[in-house]
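Notes for the structure review
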Amino acid sequence: MIKKAFRSLSILIPTYNYDCTPLVESLYSQQSDLPCPCEIIVGDDGSTDSEVVCRLQVLESRGLCQLYRMDENVGRASIRNLLGKAAHYDHLLFLDSDGVVVRNDFLQQYCKAAPFHDVVCGGIVHSSTPPDSEHILRYRYEKRAEQMFTPEKMNKAPNAPFRSFNFMISQELFLLHNFNVSFKGYGYEDVLFGKSLRDAGIEIYYIDNPLQNEDIEPNPIFIAKTESALHTLKSHEPDLSADVRLLRHVSLLSRLHLLPLVRLCGKLLLSPLRHNLVSLRPHLVYFNIYKLLYYVGI
């Protein structure tokens, strides 16, 4: 394994109407243990919540981070690209603002991996304590995903969908292969980003160094975000047809001439399925069925 240069680290945290103070404080406390210079830059993507804006400004005034604020919301892809360009150091650690550090050596683990891998993903975990029924759908969905996206499984599945919640990449490489800014809506910009890396022959390596996701939405909001993401997927279907399992299922149904039947099922079932999913007793098994029927009906 060839060792590559690793001299410094920029931690980049895009956020929108979310106070990432606990995350920044945890990361700042670990900086002194690193063998290299490190900076933390929070990218406020045009937050409209005045309380959040104030708390982010306080973070900067305390000297815990630099604040990079947009006058208006530019979207998840664009804000990451702008942060990558604004960074001063040679490796970029992108973290979602709703993450919580669960390891005391979180930054050290990335520093150890950086010299040996072009792109390193640390993964996502969730609390072992389930939330209340109003938030249970997203929680169950993510806990099941944890079992599917372990480092061992991901390193054996090079075409698995990329998740940008917690990953590191060299700045030089990121400036060559950044996020596609045509993604304006919610979702799937990270899947295409991962695909572009793989298409360029760039290895994505997974390690056991997760952040814990703390922002579990209420069931109705999670379904609304899912529907928004499916519209994003529809508009970028040609680019992602081989990399999203849902699109592979749609393609199979099309080849079998079953899409008209599926659309008919959607007209009959979407409403009762959605009613269950936004309720206090959602069935996770209905979720994938709902996504398929909803997508085919777009």
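Each remark here, short or long, concerns the structure printed above.
As a starting point, this report considers the structure included with it. (Residues numbered from 1 in each chain as written. Predicted model: local features only at pLDDT ≥ 70, side-chain atom pairs only at ≥ 80, totals over all residues. Heavy atoms only, no water.)

Description of unusual backbone geometry
In this structure, Asn17 takes a positive phi of about 55 degrees despite not being glycine. Mapping Asn17 onto the fold places it in the loop between β1 (9-15) and α1 (21-31). For Asn17, a relative accessible area of 26% corresponds to the partly exposed category. One non-glycine residue, His257, lies in the positive phi region at around 60 degrees. When you line up the elements, His257 lands in the loop between α11 (245-255) and α12 (259-277). (Helix = DSSP H or I, 4+ residues; strand = E, 2+ residues; numbered from the N terminus. Buried < 20%, exposed > 50% of the residue type's maximum accessible area, 1.4 Å probe, protein only.)

Concerning the pattern of salt bridges
This model, assessed by the stated rule, comprises 18 salt bridges. Two residues, Arg138 and Glu142, come together in a salt bridge whose shortest N-O distance is 2.7 Å. Taken together, the residues span about one helical turn, with Arg138 and Glu142 both in helix α5 (residues 136-148) at a distance of 4 residues. By relative accessible area, which is 10% here, Arg138 ends up buried. For Glu142, a relative accessible area of 3% puts it in the buried group. Among the ionic pairs, Arg163 bridges to Glu142, the shortest N-O distance being 3.1 Å. Placement of Arg163 in the loop between α6 (151-155) and β8 (166-170) and of Glu142 in helix α5 is noted, with a sequence separation of 21 residues between them. Taken together, the shared-partner salt bridges in this structure form one network comprising Arg138, Glu142, Arg163, Glu217 and Lys225. (Salt bridge = Lys/Arg side-chain N within 4 Å of Asp/Glu carboxyl O.)

Just geometry here; none of it tells us what the structure is for.
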